[in-house]
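Understanding the architecture of this molecule
Next come the chains, spelled out residue by residue.
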Amino acid sequence: MILTVTMNPAYDVTYRVERLARGRAQRVLTVEQRLGGKGINVARVLAQLGKPVRATGFADLEFGAAVAAELAADFVPALPWVRRTLVVSESGDGTATGLWEPGARVNDPRESVDRLLDRVRALLPELRGLVVSGSLPAGVADSVPADLARTALAAGVPVICDVDGPALLLAAAVPGVVLMPNSEELVRLIGPAAPDESVSALAARLRPLVDGGVKAVIATRGAAGMVAVTTSGAWAAWLGEPLSGNPTGAGDAAAAAVAAGLAAGGAPDWPEILRDAIATSAAAVVVPIAGAIDTCLRARLLPAVVVSELGASARERRT
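Residues numbered from 1 in each chain as written. Predicted model: local features only at pLDDT ≥ 70, side-chain atom pairs only at ≥ 80, totals over all residues. Heavy atoms only, no water.

Overview of the overall build of the protein chain
Counting its secondary structure elements, the protein chain contains ten helices and 14 strands. In terms of overall size, the protein chain behaves like a compact globule, its C-alpha atoms giving a radius of gyration of 19 Å where 319 residues would be expected to give roughly 20 Å. By principal-axis analysis of the C-alpha atoms, the protein chain measures approximately 55 × 50 × 35 Å. By residue count, 53% of the 319 residues in the protein chain fall in the buried class. By element, 53% of the accessible surface of the protein chain is carried by carbon and sulfur atoms, the whole surface being about 13700 Å². The centroid of the 30 positive side-chain charges in the protein chain is displaced by 2 Å from the centroid of its 32 negative side-chain charges. (Helix = DSSP H or I, 4+ residues; strand = E, 2+ residues; numbered from the N terminus. Rg over C-alpha atoms; globule rule 2.2 N^0.38 Å. Buried < 20%, exposed > 50% of the residue type's maximum accessible area, 1.4 Å probe, protein only. Areas by Shrake-Rupley, 256 points an atom, 1.4 Å probe, with all protein chains shown as cover. Lys, Arg positive; Asp, Glu negative; His and termini not counted. Charge placed at Lys NZ, Arg CZ, Asp CG, Glu CD.)

Some thoughts on the pattern of salt bridges
For side chains of opposite charge, pairing can occur when their charged atoms come near one another. Going through the model one piece at a time under the given rule, you end up with 13 salt bridges. Aspartate 74 is paired through a salt bridge with arginine 119; the nearest N and O atoms lie 3.3 Å apart. Taken as a pair, aspartate 74 in strand S5 (residues 73-77) and arginine 119 in helix H3 (residues 109-123) lie far apart in primary sequence, 45 residues in all. (Salt bridge = Lys/Arg side-chain N within 4 Å of Asp/Glu carboxyl O.)

Some details on the sheet that holds strand S4 (residues 53-59)
Taken in spatial order, the ten strands of this open sheet run S5-S4-S1-S8-S9-S10-S11-S12-S13-S14, and their pairing is mixed. Where the open sheet ends on each side, the last strands, each with one partner, are S5 and strand S14 (305-309). As paired elements, S4 and S5 share five bridges and run parallel to each other. Note that in S5 the partner of phenylalanine 58 across the bridge is valine 76. Strands in contact with helix H4 (residues 144-154) are strand S1 (2-6), strand S8 (129-133) and strand S9 (159-162); relative to S9, the strand with the most contacts, it is inclined by about 170 degrees. (Pairing = 2+ DSSP bridges. Contact = heavy atoms within 4.5 Å. Axes fitted to C-alpha atoms, helices over the stretch in contact; angles between N-to-C directions.)

A closer look at the sheet that holds strand S2 (residues 10-17)
Read from one edge to the other, the open sheet built from four strands follows the order S3-S2-S6-S7, with strand pairing classed as mixed. The open sheet is flanked by strand S3 (30-36) and strand S7 (96-100), the only strands paired with a single partner. Averaged over all pairs of adjacent strands, the angle between their axes in this sheet comes to 20 degrees, without regard to strand direction. Two elements, S2 and S3, share seven bridges in a ladder whose sense is antiparallel.

Quick look at the side chain of threonine 220
Mapped onto the secondary structure, threonine 220 falls in strand S11 (residues 216-220). According to the relative accessible area criterion, threonine 220 is buried, its value standing at 13%. Apart from the residues within four sequence positions on either side, threonine 220 is in contact with Met180, Pro181, Asn182, Ser183, Gly225 and Met226.

Some remarks on a nonpolar patch on the surface
A surface patch of nonpolar side chains, amounting to about 230 Å² of accessible area, comprises Tyr15, Val28 and Val31. Looking at the element boundaries, valine 31 is found in strand S3. The class for valine 31 is exposed, based on a relative accessible area of 52%. (Patch = residues over 30% accessible without salt bridge, like charges linked within 9 Å, V, L, I, M, F, W, Y side chains within 5 Å.)

Some thoughts on unusual backbone geometry
At aspartate 108, a position not held by glycine, the phi torsion is positive, near 45 degrees. Looking at the secondary structure, you find aspartate 108 in the loop between S7 and H3. Assessed through its relative accessible area of 45%, aspartate 108 is described here as partly exposed.

Now the structure itself:
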């Protein structure tokens, strides 16, 4: 079983309009609302892939019960209310604009974090993977994702931390963790890139993190694909023809694919894990809501993913 942790969940609201015009009142074509948050999105994709999965984290009673009605879940009732994330999706060209609320402060942070750690510890004998995703609500220390990672790794459970800011920097100091920063998070992790940085140069900048103990860093770069630096090598992967659509949730779909690959056990087959991550994230882009993929499209895209090993003799692919 794979466990996902979402400490700052949200009601994901999607407005569809023909074209968004600033400063004007306009009619919304359709409205959708679903339970969300990065870890919950990861759990949904894992469920679509047929993987045993459970979700936990912080929520209020209503939200926690609603998640449990959809997925195997056990949330700590630590939030007074749950925020909303709003995506305005334009049907004309597929452009998506996101507005994220900050969220509420956790009730009694020390007790709430202890209860969350207890939930994770109780499940460790059953776990084949742990994914800690998303932002932290007010009151939760930046060290909590790293603490969760250490707890699981000490029990031999693979861990992915898809977090940001100080929490990402602290997670990067945990030996054995897998990090999945996007382009913005990457800047905060290793600094800005040169305008003409090659994928090999990016891999070289990521290498000190792995040399320092991180198991792998998988940089997700949108339509440009992914670059992975691991203890066994480095690779770039991309789709020959990037798809347009709603990128919200694509990173979560990629995290689900990586978690599934690591949960298989044995030495990770990183090129195949990357291939799956690219195809799965692309299959999320064409779906207008986060936390869902087009499984048929994913199967068709897998053979089209290009994976190139990076090294002294590898041909560089410019970004």
